[in-house]
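These are the residues of each chain, in order.
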Amino acid sequence: MQFYYGAQNILRALDEAEFWKHQEADHAGLIPVVTPNLEPQYVQALERFGIELSQMNAEAAKYIESVNRSKGAVSRGLKVQMYDLIRRCTKQSENFIELMGEMLQNSRAVSASQASKSVIQHMIRESQYFVGIAQLMLT
């Protein structure tokens, strides 16, 4: 991760959050497509995650728009709100990783499809990448 944002590293984290929440929402929708006969409880959980991830993406986009409108002059209060958003995004990604891990472990449909297993493992690594960046930004 580059630190050329200097004192504005929170803006980098915000950019990453917006991007990865969009990616994760796409992933939540893709898993049932690549996993024939995925158990209904996982389909439903992924549908809920898709909605929640999209909402978080929209929230990140809202903050990015606020920063753009302020021409980069980020108030202390706005910065606190953005850090809170990054924390919530991180927790959401950790929960999504947990769900995907549970599917790898317990889903017969996933176990029956090498393609599904590979895709989900890749998605887990991508979400872990975001969590790592976000945690670095929060320290």
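A. Local environment of the side chain of T35. In this fold, T35 is placed in the loop between α1 (9–34) and α2 (40–69). Looking at T35, its side chain comes within polar contact range of the side chain of S116, at 2.9 Å. Apart from the residues within four sequence positions on either side, T35 is in contact with A109, V110 and S116.

B. Molecular detail of the pattern of salt bridges. Using the criterion set out here, one finds five salt bridges in the structure. For E24, the salt bridge goes to K21, with nearest N and O atoms at 2.6 Å. Remark: K21 and E24 occur in helix α1; sequence separation between them is three residues, near one turn of the helix. Of the charged contacts in the structure, one is a salt bridge between D84 and R88, with a shortest N-O distance of 3.1 Å. Taken as a pair, D84 and R88 lie in helix α3 (residues 76–106) at a separation of four residues, close to a single helical turn. By sharing partners, the salt bridges in this structure join E59, D84 and R88 into a single network.

C. Quick peek at the packing of α3 against helix α5 (residues 114–138). It is at 9 Å that the axes of α3 and α5 come closest, and there the two elements cross at 155°. By the angle class used here, α3 and α5 are roughly antiparallel. Relative to α5, α3 is oriented so that their crossing is left-handed.

D. Expanded view of the packing of aromatic side chains. Taken as a whole and judged by the stated rule, the model has three aromatic pairs. A network of ring pairs unites the aromatic residues F19, W20 and Y129 as a single cluster. The residue whose ring lies beneath K62 is Y63, and the NZ or CZ to ring-centre distance is 5.1 Å.

E. Inspection of the environment of L46 at higher detail. Structurally, the position occupied by L46 is in helix α2. For L46, a relative accessible area of 2% corresponds to the buried category. The sequence separation of L46 and H27 amounts to 19 residues, and the corresponding C-alpha distance is 8.9 Å. Those residues within four positions of L46 in sequence are excluded, and the remaining contacts are A28, I31, P32, L38, F96, L99 and M103.

The rules we used
Residues numbered from 1 in each chain as written. Predicted model: local features only at pLDDT ≥ 70, side-chain atom pairs only at ≥ 80, totals over all residues. Heavy atoms only, no water. Helix = DSSP H or I, 4+ residues; strand = E, 2+ residues; numbered from the N terminus. Polar contact = N/O pair within 3.5 Å; in protein donor to acceptor, adjacent residues only side chain to side chain. Contact = heavy atoms within 4.5 Å. Salt bridge = Lys/Arg side-chain N within 4 Å of Asp/Glu carboxyl O. Axes fitted to C-alpha atoms, helices over the stretch in contact; angles between N-to-C directions. Parallel < 35°, antiparallel > 145°, perpendicular 65-115°, else oblique. Left-handed = near helix turned anticlockwise from the far one by under 90°. Phe/Tyr/Trp six-rings, centres within 6.5 Å; stacked < 30°, edge-to-face > 60°. Lys NZ or Arg CZ within 6 Å of the ring centre and 35° of its normal. Buried < 20%, exposed > 50% of the residue type's maximum accessible area, 1.4 Å probe, protein only.

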